[in-house]
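A closer look at the structure
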Amino acid sequence: MSLTRLLRILFWVGWAAWIFGSGLVVLAFSSLGDWQFEEGTLHLTWQFISFWVVLWWAYTFVFRYRRSVAAVIRIGKGIVRLPERILNAVKNNPLFFITWAVLLVGWQIVSYIAPKGTLEHPLVPGFDYIIYNALYRLSGNWDLFGGFSFAGLTLQFGELAPFPAIEGAESRTWTAVFLALGFHSFMTLSRLVAGLGVGLIAGLATGLALPYWSALRQISWAPFNFLRMIPLLAAIPWMQFALGVDLRATTLFIGFGVWVMLVVATMNAVANVPDRYIESARTLGASRLRTYFKVVVPGAMPELRTALLLAGGLGWSLTIAAEFLGFPTGLGFMAAAAVQETNTARLVIVAIVVAFYSLLTFYLLNQMFNRMVSWMPQRVSGTTDISKVAGAAGAAGRAGDQLHE
Amino acid sequence: MTSTDVLDVRAKAQRDKRRRRIASIVYIAIGITLFFVAWVLLSLEASPWHYDIPPPFGAVGPFQDILQGVWGLFREEGAIAHFWSNLGTSQDMRIKFVHACPDLHPANVNNPFRQVASSLMGWKYTSDTAALTGGPLPVPIGQLPDYCYGYGIHLVVTIIRILLGAAFGTIAGLAIGLSSLVFPKVAQVFTPIASFFGTAPIFIAAPFFVIWFGVEVPIMTTIGLVTFYTTLLMYFFSRRAAENIPVGIVESALTLGGTPRSIFRWVYLPGTVPEIAGGFRIALAGAWGLGVLVEVLGIQVGGGHLIDIWRFLIGQLQAPSALVALITFYGVLAVVVDALLLVIIRYLTRWSEAGRRLGL
Amino acid sequence: MSRVVSFEGLWCVFEHRSGQLVNALHDVNFEVQPGEFVCVVGRSGHGKTTLLRVLAGLQPPTAGQIRLGEEVVEGPGADRAMVFQQDTVFPWLHVRDNVEFGLRALKVDDEERKSTTAHWLDAVGLTDFADSWPRELSGGMRKRVALAAAMAVGSDVILMDEPFGSLDYFTRRNLHDVLLDLWEETQKTIFFVTHDIEEALILADRVILLAEGKLVDDIPVDLPRPRDEDVRASAGAVDITKTILAHLGITEEEATQV
């Protein structure tokens, strides 16, 4: 094993250890943050969490100093250049922005003329209503009830607040709004990450292992294709009955959905690896096992891009839907609570937040994928731009018309 | 070599071919058997999921059930047995007054077709309607025919709603997607909208439909959401299908004197069929779950509503048979519709290698 | 080490998509001595590639067998490395790793693996590109990588299935020189499938002609090497060309018209 590889492994092992170590360091200096542990409940203050996260990332800065500094400089430059880039984008694709402007202004106009309905909140809320009424009132969602429990250990978040939430109008502050959004986002994201992580690992592993044995591949075809077709969203009520309402349940449920989908997708990707690569490897003397790991597995990766993105989308759908139907926390719960009060304004907020997170998820999954297949030829942009071809067709058509005249 | 040797060689090749086919059928049969064996094992008393997973066929005991075969269907506590015995009429639903017949007009009350139509459209004939129109008094709920309380009519209503939504969405999505090939501006306008609503989990749109249409026009909830979702997906699939047509083919069509209209008709339209068809299969597979779930959220008729009712009953009865039966039904339905689609797609795309390989 | 390759009563029957059975190989018998350069020539769809795939062990024969010395071919192995018609350089491995692929599978120790790889990369003139991705190379260079990978595993038989078919004329001529140099240096047995008679005349010691899966002729090419333009225009070469054309069902008149 080469030295660089050893160092890299040491880095990650050390980082994993430091996640716990930094927590202990903060605990040792009790002035940095307070904590209590009683009857299986861990009470933490927000100072504790912040110092912990800072120390946790400090590790990267110390051991990867150059890279970290470069990253900070890159991000800084990106922020400085942001206005310029936005201007360029507007110049290059004005219709994109015009469309959005028309949509947003249109929504606002509709909010004035739409029937108010008999309900407390307007059916189509304007942005003034969304921001000053619904968003501000979100601070009511910041509450002392919350807790994050797993494996018999409960993390109590109530005391995380810099100041406790008090019932009544005077407790409404923008800080509480962001704490509420942050808390519910954290709950949803932790469920998503746990479920998606389990599903991705299990799905890739199973999907790559089964086709190695031809008999297993054929035997598993029917059961997996049936499981894949079960509408999982409709199975959520049963999931709650069978698994309960906690992190373990969502992890199993989301993991199951992602697993089934990925197994089928991975098996298809493996089947679509061109035969010539496999034959070439075999004639060069590689054993079956070696051919599988060195040729079939890397060869199947490019086709998995869509499957990974679909898995991300499925994970989000399942998480939000599961929360909607019976969890007391999370973005899905916020949506459910909004439906209870028929508060469309709050629904709009939740929709925007979820859209932001899922765009982020897609971006991250894409990045992860690109890292996995850096050998792949980049698609040359422009060669398949259909609008150009359509434009050319249009030009040819016009030329033809002129000829006829 | 003599000619008999030639025949020998050919016979051997024939035998090998037949053996491979039989083997693949045997493997699939083993797979299905293993699936049921796993289900039965999970529902055994010794299993930790004994209370959560009902046996597929009955409650007598897995090995006896397998031996008894079809007889297991008619035993009470099994998932499939539950579905079967509640298909026409259901005592549970009668007790809960969950019927699928909003149209209580005496002339129509014994007409299943009329009732399915009124469930779909949300027509209601009540005593208020009778007073307003001077019509006959509505039939009391207690005198509704049996089929109104069965799973069957609820499921039929949901299936029709979802299929209608998928059809509308496909037409709309293809219209936008394919027209964007001829008018690139359409794509510039529609792509940002579609990618925003497409990346946000579609489920986040469901509550809007429930609030806006759930009470007044329930039909719009299921159909509307499924239409919305299918439109987005089919737009993306038609765009991608067109992008995957080699530029060389289009350019060759141009040099052959193709006009935009003829290229659209003879290159893009047939060339995109395999991918669009594959996309439609994916869209429909997702539409079942979406359509059912939005009914769970607050529509009074349909398969989703049955699941919603059982969601509340299950806590009291501790009997998951009904839920598992309904979920299994939708799974089987999706598989059957998908298989039908596969046959149609294979026919439509018989010129294409990709079309041949679709599915299996 | 080097062994005689013998084809004994080889049959291969395929199922056509319509369900009809087709004889891809029809009772093929011949023997190849060690170090021979054999070109298999025939029209497309007449069993050339099938013959090579059966020899590689990628395709079981329906009847008959192929022997290397005393050993019967059962499956693919490093003693019969193959260069394919399509691009089979693994795009996910660097050029160097592509050449090393077979050696790693043979569990050759690090020192020897590195020196062997360096030697073959040098032999095909790609030392400077050892750390490139295959996508950064031209089609001809990728063929050299495939050639180096096949040579590196040290097999005594090399199979080539129209390897240069998709390349332009100049690249192909250049690769012929590279291949002939390697062959003279290593004295490996080479099976070279082609439909190009000129290519066969440049390369082969012996031409095997296949038509409808049957071995119709076995022509020794005893022209002096190097086979430059003059040699190929000589009376002996023209005779061989005529014989081949006649077997392929093209008369002399037709050939000149083309």
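The present account deals with the structure reproduced in this document. (Residues numbered from 1 in each chain as written. Chains lettered and ligands numbered in written order. Predicted model: local features only at pLDDT ≥ 70, side-chain atom pairs only at ≥ 80, totals over all residues. Heavy atoms only, no water.)

Quick look at the overall build of chain B
The helix and strand inventory of chain B stands at 16 helices and zero strands. Every one of the 360 residues in chain B was classed for burial, and the buried ones make up 48%. For chain B, the exposed surface amounts to about 17,600 Å²; the carbon and sulfur share of it is 69%. (Helix = DSSP H or I, 4+ residues; strand = E, 2+ residues; numbered from the N terminus. Buried < 20%, exposed > 50% of the residue type's maximum accessible area, 1.4 Å probe, protein only. Areas by Shrake-Rupley, 256 points an atom, 1.4 Å probe, with all protein chains shown as cover.)

Overview of the overall build of chain C
Counting secondary structure elements, chain C contains nine helices and ten strands. Over its C-alpha trace chain C gives a radius of gyration of 19 Å, about what one expects of a compact globule, namely 18 Å for 258 residues. Taken over the C-alpha atoms alone, chain C extends approximately 55 × 45 × 40 Å along its principal axes. Scored against the burial criterion, the 258 residues of chain C give a buried share of 54%. When contacts within chain C are restricted to residue pairs at least 6 apart in sequence, long-range pairs at least 24 apart make up 68% of them. (Rg over C-alpha atoms; globule rule 2.2 N^0.38 Å. Contact = heavy atoms within 4.5 Å.)

Here we look at the pairing of strand β9 (residues 206–211) of chain C
Residues and elements named next belong to chain C. Across the six residues of β9, six count as buried, placing the element largely inside the fold. Bridging between strand β3 (residues 37–41) and β9 involves four bridges; their strand directions are parallel. The partner of Cys39 across the bridge, within β9, is Val207. In terms of strand pairing, β9 meets strand β10 (residues 214–220) through six bridges, oriented antiparallel. Bridge assignment links Ile208 to a residue of β10, and that residue is Asp218. Where β9 folds back onto β10 in an antiparallel hairpin, the turn is made up of two residues, including Glu212, whose phi is positive at roughly 50°. (Pairing = 2+ DSSP bridges.)

A short note on the pattern of salt bridges
Applying the stated rule across the entire model yields 28 salt bridges over all chains. Here Arg53 of chain C and Glu279 of chain A are joined by a salt bridge, their closest N and O atoms 2.7 Å apart. On the criterion of chain membership, the pair formed by Arg53 of chain C in helix α1 (residues 48–56) and Glu279 of chain A in helix α10 (residues 275–283) is interchain, its members lying in two chains. With a relative accessible area of 14%, Glu279 of chain A lands in the buried category. With its nearest N and O atoms 2.9 Å apart, the salt bridge here joins Arg3 of chain C to Glu71 of chain C. (Salt bridge = Lys/Arg side-chain N within 4 Å of Asp/Glu carboxyl O.)

Topic: the sheet that holds β10 of chain C
One key point about sheets: their strands pair by backbone hydrogen bonds, in either a parallel or an antiparallel sense. All names here are of chain C. As summarised here, the arrangement of the six strands in space is β6-β7-β8-β3-β9-β10, forming an open sheet in which the pairing is mixed. The open sheet has two free edges, formed respectively by β6 (80–83) and β10, since each of these has just one partner strand. Strand-to-strand twist of the sheet, defined as the mean angle between neighbouring strand axes without regard to direction, takes the value 20°. Note: β3 against strand β8 (residues 189–194), five bridges, orientation parallel. Note that in β8 the partner of Val40 across the bridge is Val193. Contacts from helix α8 (residues 235–247) reach β3, β9 and β10 within the one sheet, and its direction differs from that of β10 by about 175°. (Axes fitted to C-alpha atoms, helices over the stretch in contact; angles between N-to-C directions.)

Some remarks on a nonpolar patch on the surface
All names here are of chain A. The grouping of Val105, Ile109, Val110, Tyr112 and Ile113 at the surface amounts to a nonpolar patch, some 520 Å² of accessible area in total. For Ile109, the location among the structural elements is in helix α4 (residues 94–113). In this structure Ile109 comes out as partly exposed when scored by relative accessible area, which is 46%. (Patch = residues over 30% accessible without salt bridge, like charges linked within 9 Å, V, L, I, M, F, W, Y side chains within 5 Å.)

Some details on the interface of chain C and chain A
With 26 residues of chain C in contact, the opposing surface of chain A contributes 19 residues. A buried area of about 2,100 Å², summed over both sides, lies between chain C and chain A, and 68% of it is on carbon and sulfur atoms. A per-residue breakdown of the area chain C buries against chain A is headed by Trp92, Phe101 and Arg135 of chain C, which together make up 33% of the total. In this structure, the connection of chain C to chain A is made through one salt bridge. Here chain C is connected to chain A by four residue pairs in polar contact (both at pLDDT 80 or more). Secondary-structure elements contributing two or more residues to the side of chain C that touches chain A are α1, β6, α2 (95–105) and α4 (139–152) of chain C. For the side of chain C that touches chain A, the leading source of residues is α2 of chain C, giving four residues. The class makeup of the residues in the side of chain C that touches chain A is 17 nonpolar, four polar and five charged. (Buried area = accessible area lost by both parts, 1.4 Å probe. Polar contact = N/O pair within 3.5 Å; in protein donor to acceptor, adjacent residues only side chain to side chain. Nonpolar A, V, L, I, M, F, W, Y, C, P; charged D, E, K, R; others polar.)

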